[in-house]
Amino acid sequence: MPLLSRLNLCNKLLLVIGIFVIVFISFSSVNFLYIKGILVQENQARVMARIEKGASEIDGFFKEKARSAWTFCLDPEIQYWLETNTQRRISHRNDRVYQQMIQQFKRIVENDPQIKSVFIASEKTQEYFDHAERDPGADYYVGQRPWYQDTVEAEHPIYDIDYDLLDGNVYAAYQNPIYNENKQLLGIGGLDISIETIETVLADLKLFKSSLPFLVAKDGTFLFHPDEEMVLKKKITDLEDSDKYHNVKDAGLKMIAGESGCEQITYEGQDHYLAFTSIQILDATLALSIPKHEMDQALDRVIRNTMLSLFAILLLMILGTVYVANSVANPIRRLTHLITQNIQDKDLTTRIPVKSIDEAGELASAFNEFMDTLEAIILNVKTTAQAVGVTVKEMDQTSEMLGQGAKDQTERVNQVVTSAQEISLTVRDNAKNAVNAADAAEQAQGRSKQGFDRMVAIEQEMDQIVSSAEMTEQIVRILADQAAEIDEIIRVIHDVMEQTGILSINASIEAVKAGELGSGFSVVAEEIQSLATRTDQATNRITEVIHSVQENVKKTSESISTVYQLVSEGKEHSIQSKETFESIVLTVTHSTELIRHIATVSEQQCREIDVISEHMKTIQTVTNQSQESASELNLSSSSLNAEMRQLNDLVGQFTTKDQTPKTG
């Protein structure tokens, strides 16, 4: 419940009202859905009652119209005429019974405009006679017509709705079989009732603006429909489920089965309620399609008005709750403001006036009692604080005197200790410096000796380099002499090659002179000439290489001479460096001995000063402890004095009966 604890009284009441509103709206929504279902059922029942009444009216309408036909079908003269008239297509101009019958038919039509035709059919002659005496033709036989056959098969009066072949209109034909005393069929009498005449009855079925009444035959064919394209051309079962039609076919199957009820369908893309009931006399079904939104419109209006009333009631409840919450919270706010003001002013003499006996008055009385108790406590604290303040001032003066003496002694001891520490530090630094200098001198001595040894090694290496340079120079001279010898040999080979060429030419000349006998010798001469040529080429190449070697040997000899000169000079410098390092080693050794002696003396002085410093530290510790004790006593006294002053200041902020009340 942390959230509720942070809310004020008014918000808590509003929260409770909000929860109540949510629960109430949820309950009302469920209740409204239940009520809406009941109202929908009542509307459907009202529609069914109305359509059943319409079916009854249509049934009575057709029974009333059929009474005329039923009357003349029972006329003995007409029955006798049907039984005795056996010749087909003869003139009945002089037939008294026939003329009376036709006149009776005409009176029926003239007296009732809703009856379009009165007729009779003869079983024996297979002829058809009506009030207008129309001639259907010589090939017209009533026994071949479906309406005649259906009536004969039914053996009782039936209604048949169909087009009239002569005028093309739709009629509901009442057809009554006529029998003699021996139950032999004499013919069929009846009349045609215009379907349009039942529009008045169907119009009364329009409980809603867009209601759609229609008649469906026992096979599902539309017998009547505001859309003439549907009448006797389509069946209700042809309307398969699609985007425009849904559940219409299932409802049509129930109509064909002779059931009654109310179904929800989709017709022409809109939701409808389809109420239907059977008309026994027509063996058909009367149906009324009502747009769902029109039937639900009245329900929605009732629900909307009810919801508006409920919201108005809820708004009044919320406003009333806010008023009650404010009436409770405002006195508490005023009381809180007065308490806060007294606390800010620190006035313990002010009391809150009690103006009511409710919870706010009880809270004010309790606050006044608390202020009485708090004022008495503050007065006692003031008296005690003043007495303690006097004692604290005396203790503060004593601790201040002790602290001053300890402070003077501590300053003197600190001066001695500081001086001893400075001397000790100076001597210790000197000792450390002497030791470091001795170590550095020893390192310098070692490095000087290493340098001297290195110079000796360098001198030996320089001797080896000089020896190597002399040997290399001798080798280069030998190479130069050998290159010269090789050059002489090449000259000899070149001369031999020239002589060989000359001999080869002479051999070729002799071979030519010898003819065929010298052909083999000619080949040898050519090979010698080829060998001489290759030898000359190789000799020239060797000559070039020898000349290159001689040049390199000459350059090498010059480089070695330069190196030899530089090495000789380096050897002289290394001898001088060796002598210098010998002098440095002697000097460093003597300095090391002196520095080591100074370091030993400095360490001894440092130990003696450390002993003096330890004694002074002991004296300093005792003095510091005395000063700390005095300081702590002084601080405690000062702190206590400050706290007593603060206590007096805090208590002095409250206005009590021993002071003048604050104003403002």
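This write-up is about the structure you can find in this document. (Residues numbered from 1 in each chain as written. Predicted model: local features only at pLDDT ≥ 70, side-chain atom pairs only at ≥ 80, totals over all residues. Heavy atoms only, no water.)

### A few points about the pattern of salt bridges
Per the stated rule, a full pass over the model turns up nine salt bridges. In this structure, Asp112 engages Lys65 in a salt bridge whose closest nitrogen and oxygen atoms are separated by 2.6 Å. Highlighted residues: Asp112 in the loop between α4 (96-111) and β1 (115-122) and Lys65 in helix α2 (residues 9-73), separated in sequence by 47 residues. Take Asp112: its relative accessible area is 14%, and that puts it in the buried class. The buried category is assigned to Lys65, whose relative accessible area is 8%. (Salt bridge = Lys/Arg side-chain N within 4 Å of Asp/Glu carboxyl O. Helix = DSSP H or I, 4+ residues; strand = E, 2+ residues; numbered from the N terminus. Buried < 20%, exposed > 50% of the residue type's maximum accessible area, 1.4 Å probe, protein only.)

### A word on the nonpolar core
Within the largest apolar cluster, 53 residues are counted, with the highest numbers of intra-cluster contacts made by Phe62, Phe72, Val118, Ile120, Ile279, Leu282 and Leu286. The greatest single-element share of this core, amounting to 12 residues, is contributed by α2. (Core = buried A, V, L, I, M, F, W, Y, C linked by side-chain atoms within 4.5 Å.)

### A few points about the sheet that holds strand β10 (residues 284-291)
Across the sheet, which stays open at both edges, the five strands sit in the order β7-β6-β10-β9-β8 with antiparallel pairing between neighbours. Strands with a single pairing partner mark the edges of an open sheet, and in this sheet they are β7 (222-224) and β8 (261-267). In this sheet, adjacent strand axes meet at a mean angle of 35° when their direction is disregarded. Along the sheet face, helix α7 (residues 248-256) touches β6 (212-217), β8, β9 (270-279) and β10 and points at about 10° away from the line of β9. (Pairing = 2+ DSSP bridges. Axes fitted to C-alpha atoms, helices over the stretch in contact; angles between N-to-C directions. Contact = heavy atoms within 4.5 Å.)

### A short note on the environment of Gly18
Within the secondary structure, Gly18 sits in helix α2. Separated by 300 residues in sequence, Gly18 and Ile318 have C-alpha atoms that sit 8.5 Å apart.

### Focus: the packing of aromatic side chains
What the rule picks out here adds up to 14 aromatic pairs. Between Trp81 and Phe129 the ring centres are 5.5 Å apart and the planes differ by 75°, which places this aromatic pair in the edge-to-face class. Remark: Phe129 occurs in strand β2 (residues 128-130) and Trp81 occurs in helix α3 (residues 76-84); sequence separation between them is 48 residues. Each member of the pair Trp81 and Phe129 is classed as buried. The structure contains a cluster of three or more aromatic residues connected by ring pairs, namely Phe119, Tyr128, Tyr140, Trp147 and Tyr148. Between Arg88 and the ring centre of Tyr141, over which it is positioned, the NZ or CZ distance is 3.8 Å. (Phe/Tyr/Trp six-rings, centres within 6.5 Å; stacked < 30°, edge-to-face > 60°. Lys NZ or Arg CZ within 6 Å of the ring centre and 35° of its normal.)

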